[in-house]
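# A structural walkthrough
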Amino acid sequence: MTALPPVRRIRRVALPVALCVGLAAALSACAEDPDEGTNGVGRLPANEIEKKARAAADGAVSVRLAGNLVTKSGTYRLNMRLKAHGATGSVTTRKSTFELLRVGDALFLKAGAAFWRHAEGAGGSAKPGESPDSSDSPDSSGSSGSSGSSGSSGSSESDIDVADKLDGKYVKVPQDDPSYKQLRGFTEMNVLLKGLLQLHGEVRKGDRDKVGGVRTIEVAGGQHGEGGTLDVALEGTPFPLQFARGGGGGVVVLSDWNKDFPLVEPEKEDILDYGRQLPRTSD
């Protein structure tokens, strides 16, 4: 019997070895654990993931909330840094942008001249530091006393002067002002988080993704997420990193969890008295 050349023998042995190695690699890839190197919450049922995300948010001391909120009174774009005793950031509506700063119960609003011109045009004029007549009301459409429908054109120069003085200055919002409660609502960390992070319907696990470079798992309310979707971090503490409200109610991104930031009241020279009820901030 003729012996096979050594090279052919080696090739016959190498082929099945290579096939075995390739098959083992394929089986290994198929068996890869998607939760390897994560915090493990991806292995939990959807309702348990939601509970852990809520618990993480409840235990946090600060967060940045940025995104759009659609409410009955209008659409708001928020970029707020929040903590238990205060907040700072900006709110944008269809017509205006303004900044909010809350330190304890002291709430300050800062806006550009365009914001105040619109406010003056809608509700009449009052110079910073002056008290309006008791008959003035933001709901009176500017028709107070003898002003009538001609008040708008007659006070336009005064309106512009007031707006220019308020441009870039802080206005302290009195706690008895009708706008105080609404504006403060944008600065309340616990109120915002509890109001936002609500899934409706039976929850289920969705896709894995990344938010801000962090791996996440989605928890959805309802079969198709019609009750909202929550993206929960798979790295570190299982914080909620993104929330989409059901019915097109807006999407917000939550970041900078537990990162502290300073909250200091403005200097006195940077504060002016608006002298009347503050304008409403809806669209």
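Here the residue index of a chain counts from 1 through its sequence in written order. The model is predicted, so local features are restricted to residues of pLDDT at least 70 and side-chain atom pairs to those at 80 or more, both for listing and for counting; the totals for chains, interfaces and linings are taken over all residues. Processing note: side-chain calculations cover all non-hydrogen atoms of the structure and skip hydrogens and water entirely.

### Examining the environment of Lys 205
To be explicit about the condition: A helix here means a DSSP run of H or I that spans at least four residues, while a strand means a run of E at least two residues long, and both kinds are numbered starting from the N terminus. Exposure is judged per residue with a 1.4 Å probe applied to protein chains only, and the accessible area is read against the type maximum: over 50% gives exposed, under 20% gives buried, and values in between give partly exposed. Here, two residues are considered to be in contact whenever any of their heavy atoms come within 4.5 Å of each other. We define a polar contact as two N or O atoms separated by no more than 3.5 Å, with the added condition that, inside protein, one atom must be a possible hydrogen donor and the other a possible acceptor, whereas residues neighbouring each other in sequence contribute only through side-chain atom pairs.
The residue Lys 205 is located in strand S7 (residues 203–211) in this model. By relative accessible area, Lys 205 is classed as partly exposed at 35%. Every residue in contact with Lys 205, bar those within four places of it in the chain, is listed here: Gly 42, Arg 43, Leu 44, Ala 46, Ile 49, Ile 217 and Glu 218. Looking at Lys 205, its side chain comes within polar contact range of the main-chain oxygen of Leu 44, at 3.1 Å.

### Thoughts on the nonpolar core
Rules: By convention a nonpolar core is built from buried Ala, Val, Leu, Ile, Met, Phe, Trp, Tyr and Cys residues, the set being connected through side-chain atoms within 4.5 Å.
Counting residues in each nonpolar core, the largest one holds 52 residues, and the members touching the most others are Leu 100, Leu 109 and Trp 257. Looking at this core element by element, the count peaks at 5 residues for helix H2 (residues 46–58). Residues contacting Leu 109, with those up to four places away along its chain left out, are Phe 98, Glu 99, Leu 100, Phe 115, Trp 116, Lys 169, Tyr 170, Val 171, Val 173 and Leu 183. With 6 residues, the next largest nonpolar core counts Leu 101, Ala 106, Phe 108 and Phe 261 among its residues.

### Digging into the sheet that holds strand S12 (residues 271–272)
As a general point, the strands of a sheet are linked pairwise by backbone hydrogen bonds and lie either parallel or antiparallel. The cut-off we apply is this: We call two strands paired when DSSP finds no fewer than two bridges between them. All axes here are fitted lines through C-alpha atoms, helices being fitted over the stretch that makes contact, and every angle between N-to-C directions spans 0 to 180 degrees.
Strand order across the open sheet formed by 12 strands is S7-S8-S9-S10-S11-S1-S2-S3-S4-S5-S6-S12, with mixed pairing between neighbours. Either end of the sheet is taken by a strand with one partner, and the two such strands are S7 and S12. Here S7 pairs with strand S8 (residues 214–221) via 7 bridges, running antiparallel. Residue Lys 210 lies in a different strand from S8, and its bridge partner there is Arg 215. Across the sheet, H2 is in contact with S7, S8, strand S9 (229–233) and strand S10 (240–244); its angle to S7 comes to roughly 55 degrees.

### A look at the environment of Arg 245
Among the secondary structure elements, Arg 245 is positioned in the loop between S10 and strand S11 (251–255). Residues Arg 245 and Thr 229, spaced 16 residues apart in sequence, show a C-alpha to C-alpha distance of 6.7 Å. The contacts of Arg 245, once residues within four sequence positions are left out, are Leu 69, Val 70, Leu 196, Gly 228 and Gly 250. There is a polar contact of 3.4 Å between the side chain of Arg 245 and the backbone oxygen of Gly 249.

All quantities given are derived from atomic positions and should not be read as evidence of function.
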